[in-house]
Amino acid sequence: MIKPLGDSALLIQLGEEIDITINQRVHALNAILQAASFHGILETVPAYCTLLVHYDPLTLTFDQAARWVRGQMEWVDDSAHRTPRRLEVPVRYGDASGSDLEAVAASKGISAADIIRLHSGRAYTVYMMGFTPGFPYMGTLDERLVMPRLETPRTLVKAGTVAIAGSQTGIYPLDSPGGWHTIGWTPLKLFDPASESPFLFAPGDEVKFIPIE
Amino acid sequence: MLEVLDVSGLVTFQDAGRRGWQKFGVPVSGPMDWFAHHAANALTGNPLDAAVIEIGLGEAIFRARRDCVVAVTGAGYEVGTYVWTFPLWTSFHVRAGLNVHVKKITGGNWAYLAIAGGFDVESVLGSRSTYIRGALGDSIRIGDSLQTGKSARDFDKLAARTFPVEKYITYSQSPVLEVVAGPQKECFSDDGIQTFLNSEYTLSTSFDRMGYRLEGSPIAHLSSADLISEGMTTGSVQIPANGQPIVMMADGPTTGGYPKIANVTHANLPLLAQCEAGVSRIRFRETTVESAQAKYRESFKGLQTGVMSEDYENLDVW
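Residues numbered from 1 in each chain as written. Chains lettered and ligands numbered in written order. Predicted model: local features only at pLDDT ≥ 70, side-chain atom pairs only at ≥ 80, totals over all residues.

**Overview of the domain arrangement of chain B**
Point 1. Segmentation of chain B into domains returns domain 1 (2-163 + 308-315) and domain 2 (176-287).
Point 2. Relative placement of domain 1 of chain B and domain 2 of chain B: their C-alpha centres are 29 Å apart. (Domains from an automatic or database assignment.)

**Quick look at helix 2 (residues 62-73) of chain A**
Within an α-helix, residues lying three or four positions from one another point in the same direction, as the helix has 3.6 residues per turn.
Point 1. With twelve residues, helix 2 of chain A extends 16 Å from end C-alpha to end C-alpha; this agrees with the ideal 16 Å at 1.5 Å per step.
Point 2. Those residues of helix 2 of chain A lying buried are A:F62, A:A65 and A:V69. Burial along helix 2 of chain A is one-sided: seen end-on, the buried residues are contained in an arc of 75°. Every exposed residue of helix 2 of chain A that faces more than 90 degrees away from the buried side is listed here: A:D63, A:R70 and A:G71.
Point 3. Close packing links the buried residues of helix 2 of chain A with strand 1 (2-5), strand 2 (9-13), strand 3 (41-46) and strand 4 (50-55) of chain A together with helix 5 (289-305) of chain B. (Helix = DSSP H or I, 4+ residues; strand = E, 2+ residues; numbered from the N terminus. Expected span 1.5 Å × (residues − 1). Buried ≥ 20, exposed ≤ 12 C-beta atoms within 10 Å, placed from the backbone. Arc of directions from axis to C-beta. Contact = placed C-beta atoms within 7 Å.)

**A few points about the sheet that holds strand 5 (residues 86-93) of chain A**
Residues and elements named next belong to chain A.
Point 1. On the basis of which strands lie adjacent, the closed barrel formed by seven strands has the order 5-12-9-10-7-6-13 and mixed pairing. When strand polarity is set aside, the average angle formed by the axes of neighbouring strands in this sheet is 40°.
Point 2. Direction of pairing for strand 6 (residues 124-129) relative to strand 13 (residues 206-211): antiparallel, over a ladder of two bridges. Bridge pairing in strand 13 places Y124 opposite V207. (Pairing = 2+ DSSP bridges. Axes fitted to C-alpha atoms, helices over the stretch in contact; angles between N-to-C directions.)

**Topic: the domain arrangement of chain A**
Residues and elements named next belong to chain A.
Point 1. Along its sequence, chain A is carved into domain 1 (2-73) and domain 2 (86-211).
Point 2. Relative to domain 2, the C-alpha centre of domain 1 lies at a distance of 28 Å.
Point 3. Of the residues lining the interface, seven residues belong to domain 1; the matching set on domain 2 comes to six residues.
Point 4. When residues of the side of domain 1 that touches domain 2 are assigned to their parent elements, the largest contribution, three residues, is made by helix 1 (residues 20-36).

**As for the nonpolar core**
Point 1. Counting residues in hydrophobic clusters, the biggest one holds 144 residues, and the most contacted among them are A:V53, B:A40, B:V70, B:V72 and B:L113.
Point 2. Ranked by residue count, the leading element in this core is helix 1 (residues 34-43) of chain B, at seven residues.
Point 3. Residues contacting A:V53, with those up to four places away along its chain left out, are A:A9, A:L10, A:I12, A:L33, A:I41, A:T44, A:A65 and A:V69. (Core = buried A, V, L, I, M, F, W, Y, C linked by C-beta atoms within 7 Å.)

What follows is the structure, given as structure tokens:
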């Protein structure tokens, strides 16, 4: 379903839940739109179950933009196997700014070692990016790690901090405020504006955490 | 070259914005009031999307290191140089050694200072816009020397020009802003939508380049105020659980998790940007995408043809 969002964007709704199959369809369609490119289409923003297409209203009407998108949607092939880019992220668990590792373990009634084992025990998909430049929203966590966000967000979380909230995990690319439970820290740089590819992650990537000392 | 003698508030470089990085979480940025931004460039003979200095919620004083032509546009400011005070929306000649003081008065929040030849600012991720929260682009500090480019045109032809802004846009502290219905309209009761369209809102004092929080009659949701996060744009009106609207502005997040009741049109965003906290009485009126786009194209056309030459001598400061 395609709906206008204001006078310069259109929203493609591909589902109404956080689900890996729907999300993969979002990334597949996003890849098709990016490869096709069309004069007046400015950029696309994939999220969990939607794809937002920004267009220039000086060049395109809503109908023209929607017609182009509809045409491209016919190329989405659910049976085609798309191999995501795979990335490994070294994490020093417990080494976060004001680490919540022990607090999370206590509230879940398991040990810190269990948290590390569960968190690093599976691969995650970057469902979408947002919040601050380069922040990956990844899922889905093992049920035993699911916790609501902090009641009072921290005013400062250091760049590289690995955190969890709800059924998701993420990494703070910049020093910023944050409301997620901090459980570790990675020495990787998630965002370097001077680099040719400024962002470590892209939506649709598959990510595995590797515990380091 | 301009030397920065004093700055307060939010003073940044802004071009038309940073495009193509929203999927990584980088907002577009760009001017809060795109019309005033583009008009400042039109007055000084620059490309409309060139980088200018945006002065917000504060003041700035610059000293010209060599002769230059400057224009200041926007609302809520006046500009003084040497012993004169100029109205906004004019271009004028500034002699080397003289100061340009962009002074805060009432009636708006944002001013734009353009210089003939443009500012020589480094481009980061394809844009010269400063995004403070993401540490992108140049900041402007007291003591800085701002490098400027060379104008292709004669100073005499660029100075003493005006832009008849009232022909194209009516800044007001009681604006009726046109909105396009949002994609989550069905998250709200009919009463909720009527409240939004028929009440008056004021701008809260907690506002910045990211978003404008409005205060007024709370808007009721039908069920939950939580939405699975999705992309949004400048002008998107989100309604969180407390029912008070938040309008996303230039540095607004690329995605959001509250239902969007509507979107302020491109043509009317400058009016909202210049609303004053606690003073303005804001109303909304629904329009269609087609009509919103037609008005945007119309204001854009005005920018390309609107600049007028005036021959009043005191715009030429010696």
